[in-house]
Amino acid sequence: MPLFLSLCLVFPALSLPAVQTEEWADEGFRQFIQGELHNISLHVDGLMQSAPALALISELPEPIVWTAAMDPDGRLAFGTGNQGRVLRLDSGTGTTERVFHSGEVMVRALAFDSEGRLYAGTSPRGQVHRIPADGRPELYFLPEESYVWDMVFDAEDNLYVAVGSPARIYRIPPDHDPGDEAEAWFSAGQRHFTTLAWDAQGRLLAGSAPDGILYRIRGRGEAEALYQSDAEEIKAIVPEASGSVLFSTYASGSPRNNNNRTDQPVGSAEPIVMHVRGDRRGENEREEQAEHEERGRATVLRLRQDGRIERVWEPDRGGIFSLLPLKDGTFLAGGQEKGRIYRVRRSDDWSLLQQAENGGEVSILIAEPESGAVVAVTSNPARVYRLEEERASAFRYDSRVHDARRSSTWGRVHLIAPAGVTAIAVETRSGNTGQPDETWSAWVEAEATPSGHRVQSPPARFLQYRLRPAGEEARAETSEAIEVRRVRGFFRAPNEAPVITHLRVFPVGFQLIRQEPDQTSADFDQLLRSSNPDRYFDGPRVRRQLRPVMETGHVTAIWRAVDPNENRLVYRVYIKPVEEPDWRLVAERLDDAFYSFNARGYDDGYYHFKIVASDLPDNDPDDALESTRLSPVFLIDNAPPRLSVTDKRVEDGAATLRIRAEDAHSILTRADYRLNGGERIALRPIDGLFDRREASFEIVLEDLREGMNTLTVEISDERENSSVLSLTIRI
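In this report, the structure presented in the accompanying data block is examined. Computed from a predicted structure; not experimentally measured.

1. Description of the pairing of strand β11 (residues 106–112)
With seven of seven residues buried, β11 lies mostly within the body of the structure. Where β11 and strand β12 (residues 118–123) come together, six bridges link them in antiparallel fashion. Its bridge partner being in β12, Leu110 is matched across the sheet by Ala120.

2. Some remarks on the nonpolar core
Of all hydrophobic cores here, the largest spans 42 residues; its most connected members are Trp313, Leu323, Phe331, Leu467 and Val487. Broken down by element, the residue count for this core peaks at four residues, all from strand β35 (residues 402–416). If near-sequence neighbours (up to four positions away) are discounted, Leu467 is found in contact with Met48, Phe395, Arg396, Tyr397, Leu415, Ile424, Ala425, Val426, Val484 and Val487. Listed in part, the 22 residues of the second largest apolar core include Leu503, Tyr571, Ala593 and Tyr607.

3. Quick word on the environment of Ser379
Structurally, Ser379 can be placed in the loop between β32 (374–378) and β33 (383–391). Assessed through its relative accessible area of 0%, Ser379 is described here as buried. As a C-alpha pair, Ser379 and Thr80 span 299 residues in sequence and 9.3 Å in three-dimensional space. Those residues in contact with Ser379 that lie beyond four places of it in its chain are Pro63, Ile64, Val65, Gly360, Glu361 and Ser363. Looking at Ser379, its side chain comes within polar contact range of the side chain of Ser363, at 2.7 Å.

4. Considering the packing of aromatic side chains
Following the criterion strictly, the structure yields 29 aromatic pairs and no others. Their ring planes at 70° and their centres at 5.1 Å tell us that Phe141 and Tyr170 sit as a pair that is edge-to-face. With a gap of 29 residues between them, Phe141 in strand β14 (residues 138–141) and Tyr170 in strand β17 (residues 168–172) connect regions that are remote in the sequence. Judged by relative accessible area, which is 8%, Tyr170 ranks as buried. Between the aromatic rings of Tyr607 and Phe634, the centroid separation amounts to 6.2 Å while the plane-to-plane angle is 25°, which identifies the pairing as stacked. With Tyr607 in strand β50 (residues 605–614) and Phe634 in strand β52 (residues 634–636), the pair connects residues that are 27 residues apart, well separated along the chain. With respect to burial, Tyr607 and Phe634 carry one shared label: buried.

Reading the values: rules and limits
Residues numbered from 1 in each chain as written. Predicted model: local features only at pLDDT ≥ 70, side-chain atom pairs only at ≥ 80, totals over all residues. Heavy atoms only, no water. Buried < 20%, exposed > 50% of the residue type's maximum accessible area, 1.4 Å probe, protein only. Helix = DSSP H or I, 4+ residues; strand = E, 2+ residues; numbered from the N terminus. Pairing = 2+ DSSP bridges. Core = buried A, V, L, I, M, F, W, Y, C linked by side-chain atoms within 4.5 Å. Contact = heavy atoms within 4.5 Å. Polar contact = N/O pair within 3.5 Å; in protein donor to acceptor, adjacent residues only side chain to side chain. Phe/Tyr/Trp six-rings, centres within 6.5 Å; stacked < 30°, edge-to-face > 60°.

Structure (structure tokens):
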């Protein structure tokens with residue numbers, strides 16, 4: 001029987017035992033951000049701190065705030081949707097009054113002139129209304145275009161109005177009367193001008209969509225394109241005290257591959273769309289869907305005074321809806337979701353500073369003129385907050401859910417907290433569903449000990465932890481010093497029996513060959529994949545190969561076993577004839593899932609192997625578990641076929657012989673003969689099939705030479721057992 005089987009096995013080295021106490025860890029921004037932060041600031045390097053307090057000033061009666069402007073007295077006015085109202089806020093009392101109802105879907109643009117009169121731009125029917133402080137609102141300007149996106153005044157009280165569909169900028173002089181024509185100041189082959197601002201030299205900047213181009217307007221009909229984004233829209237433009245300008249981009253879909261070139265021709269594309277929610281819809285319903293609701297990448301860039309553009313920052317996710325430079329050179333950015341406010345110094349030095357409870361996008365960030373306090377306005381719901389200098393005391397962090405993969409007993413939780421660790425309490429809850437629900441246990445405080453917080457939650461598959469102040473006294477003393485860099489927890493699953501997943505028996509022998517690797521080396525990819533840097537090295541991997549033993553009469557069992565607890569395993573091997581009841585132990589304490597032996601000396605017949613896998617090496621004898629698997633029936637056959645001559649006829653220089661072969665257990669598989677030491681000639685049974693344990697073969701020999709002729713017949717069974725019959729034929 002030709003040998004066609006070769007095997008190569010790779011096993012982890014057994015130099016280090018499997019660890020039954022397992023662990024999880026949270027560290028770094030990407031892991032901590034998966035939890036819920038309440039008055040927690042999270043730095044990009046993963047440092048959690050108690051955040052500046054975010055005090056609620058007012059809840060607005062509209063769902064969306066599109067824009068805000070501050071009058072000479074420091075009072076804020078808001079342009080809202082979906083009813084197109086203008087509200088004014090009394091920051092002292094937190095109350096609001098409605099000063100104008102446009103009848104349109106939204107008020108997207110607001111501006112105060114030097115006399116304190118308020119101007120409001122509406123959409124989707126573009127109109128500009130003038131609202132005197134003590135007087136009747138009037139329709140001030142009616143452009144041909146559909147959308148009024150932004151408005152700014154210059155030092156001479158000229159009003160610049162950015163409109164869309166198509167993109168155009170109008171200039172309206174201070175002596176303009178309602179009904180007069182406005183001056184078309186600049187047009188571009190864009191669909192919308194989305195935002196306006198002044199640079200330090202008093203030059204007008206404009207952002208467009210859908211090609212995301214930043215323009216600098218030099219005069220009537222004259223402009224230069226400073227930058228074309230790979231996004232769809234220039235979202236916000238704000239000057240910095242240094243004379244540079246920050247601006248942000250927004251992409252609702254896949255970015256264009258334009259390599260940020262500013263010399264590309266401006267082309268047409270899909271229009272931007274407006275953010276409208278609620279029951280009411282305007283005329284252009286398809287265009288009134290929210291760009292906010294699209295998911296895309298945002299980028300904050302800086303236009304330097306020398307004209308260069310530098311990429312400053314990209315948020316972890318979502319868009320940027322507002323920007324506010326601070327006196328210390330940093331800036332705040334209002335995010336698209338969860339009321340998130342970021343503080344950015346550089347691309348590698350930024351924090352999620354705070355987030356509003358139940359907040360949507362942070363639509364407005366504005367500094368109060370006298371105090372410098374930061375006011376943040378959110379939409380969905382629309383609320384007004386003040387960012388305080390003092391840190392919040394009632395912080396809380398609810399972690400992501402940790403999966404132990406099976407019901408486990410929880411150990412201690414350890415905090416890496418450089419300061420304030422004694423002022424942090426740890427609570428946990430556990431359950432057996434992937435998301436916490438009513439079947440989970442209640443939150444319970446872990447016992448604080450010098451060696452970590454001992455978890456009190458019942459055994460389960462999933463665990464969630466919470467960090468909060470340890471008490472009023474500790475909170476008051478250390479609220480400004482709370483820092484957490486890493487949270488590490490331990491658990492132990494109940495021991496589960498190993499499982500033998502595969503078992504095969506081969507009628508050949510194999511020899512195990514070990515190829516030991518360099519014991520001092522570590523695999524590069526293995527280190528990068530390691531979830532626990534404290535246990536980076538699992539030991540070298542031993543490559544083990546099986547080399548065939550070129551002898552008959554051998555039998556090999558090979559199996560695969562897995563242990564749910566990743567324990568080391570040892571094996572016992574038993575054998576017995578099929579018809580007998582008792583097992584015979586033939587090997588024990590095997591480290592390898594492999595057993596090969598010489599079966600000569602065993603009685604011929606059919607047998608079973610029984611493999612027993614045990615996790616004893618990593619468990620106490622009382623806790624160790626075993627599992628068993630029986631092999632398929634296999635044959636031990638060391639006896640060759642029996643050969644006999646049943647007929648022999650010799651005449652006229654020719655001979656005809658009939659040979660019968662019989663085997664007690666194996667199928668006959670091969671037969672041939674040689675005449676006078678010549679070449680082998682294959683034989684087939686008379687019926688042509690090798691399909692049974694007995695068969696007859698007919699040999700016809702012609703033209704035999706005179707004298708003695710020698711005939712040798714060899715017949716083999718499927719276990720490579722052969723018998724040879726030698727005959728003499730006299731002519």
